[in-house]
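Observations on the model geometry
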Amino acid sequence: DIQMTQSPSSLSASVGDRVTITCRASQVINNYLAWFQQQPGKAPRPLIYAASSLQSGVPSKFSGSGSGTDFTLTISSLQPEDFATYYCQQYNSYPMTFGQGTRLEIK
Amino acid sequence: QVQLVQSGAEVKKPGASVKVSCKASGYTFSTSAMHWVRQRPGQRPEWMGWINAGHSNTKYSENFQGRVTITWDTAASTAYMELSSLRSEDTAVYYCAKAYCSSSTTCYEPNFWGQGTLVTVSS
């Protein structure tokens, strides 16, 4: 299985800040990388697909980049509703696998 | 609009099976798959498998040792996920999530999720 490792595992930031979360794959995944946001008790919300494309309806404050094995999610101008857990997922090969999550907390 | 409505919470005993349903509407099924993903308490999501609704072919994670069966009822526009030989470690929220497929065997990331179904396994 491809291992997905996110860093940091938790992150404190203030409203208005810009933050970046990193996701590293144990093998090349050909940009088949998605990002999700999850609020407590809710289903994951898709944000990014193909490493850098925004899902429909997702604001442009979210952006993704990277290729090969190293990817990033950047969130600009943090608002209270952005404080959540973020997961990356590779869908290049089976089984599809997720990172361990990055918990974004209000400072 | 796209909707995925899952069945209600279940409580099962070890060794039993559970079948969770996911009724879909608002999109084209012939070019879509339904993923099933579970999330144990405090853990990362775990992919279980998908079914291509247009072709009824499936792909499963080998990590479930053949205990998962995913089906699609075209007439009811509903996907089902059955997990057998339940053990306490299967206690989790189970999600269905749709995806686009470019062929019968190539399907992509989940782009819309159901609300989740809590399955509790306890003696």
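Heads up: these notes are all about the structure in this document. Since this is a predicted model, take the numbers as computed values, not measurements. (Residues numbered from 1 in each chain as written. Chains lettered and ligands numbered in written order. Predicted model: local features only at pLDDT ≥ 70, side-chain atom pairs only at ≥ 80, totals over all residues. Heavy atoms only, no water.)

Before going further, it helps to spend a moment on the overall build of chain B. Across its full length, chain B carries zero helices and eleven strands. Listing the helices and strands of chain B from first to last along the sequence gives β-β-β-β-β-β-β-β-β-β-β. Taken over the C-alpha trace, chain B has a radius of gyration of 14 Å; the compact-globule value for 123 residues is 14 Å, and the two agree within 12%. Every one of the 123 residues in chain B was classed for burial, and the buried ones make up 46%. For chain B, long-range pairs separated by at least 24 residues make up 54% of all intrachain contacts whose partners lie at least 6 apart in sequence. As presented, chain B carries roughly 5,500 Å² of accessible surface, and 48% of it is formed by carbon and sulfur atoms. In chain B, 11 side chains carry a positive charge and 8 a negative one; their mean positions are 2 Å apart. (Helix = DSSP H or I, 4+ residues; strand = E, 2+ residues; numbered from the N terminus. Rg over C-alpha atoms; globule rule 2.2 N^0.38 Å. Buried < 20%, exposed > 50% of the residue type's maximum accessible area, 1.4 Å probe, protein only. Contact = heavy atoms within 4.5 Å. Areas by Shrake-Rupley, 256 points an atom, 1.4 Å probe, with all protein chains shown as cover. Lys, Arg positive; Asp, Glu negative; His and termini not counted. Charge placed at Lys NZ, Arg CZ, Asp CG, Glu CD.)

Bringing the sheet that holds strand β3 (residues 18–25) of chain B into the picture now. Through backbone hydrogen bonds, the strands of a sheet pair up, either in parallel or in antiparallel fashion. Residue and element names in this part refer to chain B. With antiparallel pairing, the four strands of this open sheet are ordered in space as β1-β3-β8-β7. The open sheet has two free edges, formed respectively by β1 (3–6) and β7 (68–73), since each of these has just one partner strand. When strand polarity is set aside, the average angle formed by the axes of neighbouring strands in this sheet is 20°. By the bridge criterion, six bridges tie β3 to strand β8 (residues 78–83) in an arrangement that is antiparallel. Bridged to Val18 within β8 is Leu83. (Pairing = 2+ DSSP bridges. Axes fitted to C-alpha atoms, helices over the stretch in contact; angles between N-to-C directions.)

Estimated volume of the largest pocket: approximately 580 Å³. Taken together, 29 residues make up the lining of the largest pocket; nearest its centre are Gln38, Pro40, Thr85 and Tyr87 of chain A together with Gln39 of chain B. The set of elements that each furnish at least two residues to the lining of the largest pocket consists of β9 (85–90) and β11 (102–106) of chain A together with β9 (92–100) of chain B. Sort the elements by how many residues they give to the lining of the largest pocket and β11 of chain A lands first, with four residues. (1 Å grid on protein atoms, 1.4 Å probe; cavity = no way out; pocket = protein on both sides within 12 Å on 5 of 7 lines; lining within 4 Å. Points joined across faces, edges and corners; volume = space filled by probe spheres on them.)

This paragraph deals with the pairing of strand β1 (residues 4–7) of chain A. Residue and element names in this part refer to chain A. Only one face of β1 is covered, namely the face carrying Met4 and Gln6; the face carrying Thr5 and Ser7 is uncovered. Judged from the four bridges that link them, β1 and strand β3 (residues 19–25) form a sheet pairing that is antiparallel. Paired with Thr5 across the bridge in β3 is Arg24.

All names here are of chain B. The full count for this structure, using the stated rule, is three disulfides over all chains. Each disulfide pairs two cysteine sulfurs, and for Cys101 the partner residue is Cys107, the sulfurs being separated by 2.1 Å. Across the S-S bond linking Cys101 and Cys107, the dihedral sits near 100°, which makes this disulfide right-handed. Across this residue pair, the class does not change: Cys101 and Cys107 are buried. Cysteine pairing for chain B (bonded cysteines numbered in sequence order): 1-2, 3-4. (Disulfide = S-S within 2.5 Å.)

In this structure, Gln89 of chain A sits in strand β9. Residues in contact with Gln89 of chain A, not counting those within four places in the same chain, are Tyr32, Leu33, Ala34, Phe36, Met96, Thr97 and Phe98 of chain A together with Glu109 and Pro110 of chain B.

Our next topic: the sheet that holds strand β7 (residues 62–67) of chain A. All names here are of chain A. Read from one edge to the other, the open sheet built from four strands follows the order β1-β3-β8-β7, with strand pairing classed as antiparallel. Strands with a single pairing partner mark the edges of an open sheet, and in this sheet they are β1 and β7. Averaged over all pairs of adjacent strands, the angle between their axes in this sheet comes to 20°, without regard to strand direction.

Once that is clear, we can look at the side chain of Gln39 of chain B. Position of Gln39 of chain B among the secondary structure elements: in strand β4 (residues 32–39). Classification of Gln39 of chain B by relative accessible area gives buried; the value is 10%. Polar side-chain contacts of Gln39 of chain B include one of 3.0 Å to the backbone oxygen of Gln43 of chain B. With near-sequence residues (within four places) excluded, Gln39 of chain B lies in contact with Gln38 and Tyr87 of chain A together with Arg44, Pro45, Ala92, Val93 and Tyr95 of chain B. (Polar contact = N/O pair within 3.5 Å; in protein donor to acceptor, adjacent residues only side chain to side chain.)

Residue Ser7 of chain A is joined to Pro8 of chain A through a cis peptide bond whose omega torsion reads -5°. With a phi angle near 50°, Ala50 of chain A is a residue other than glycine that sits in the positive phi range. Tracing the chain through its elements places Ala50 of chain A in the loop between β5 (45–49) and β6 (53–54). You will see that Gln65 of chain B, though not glycine, has its phi angle at about 50°, which is positive.

The quantities given are spatial measurements derived from coordinates; they are silent on function.
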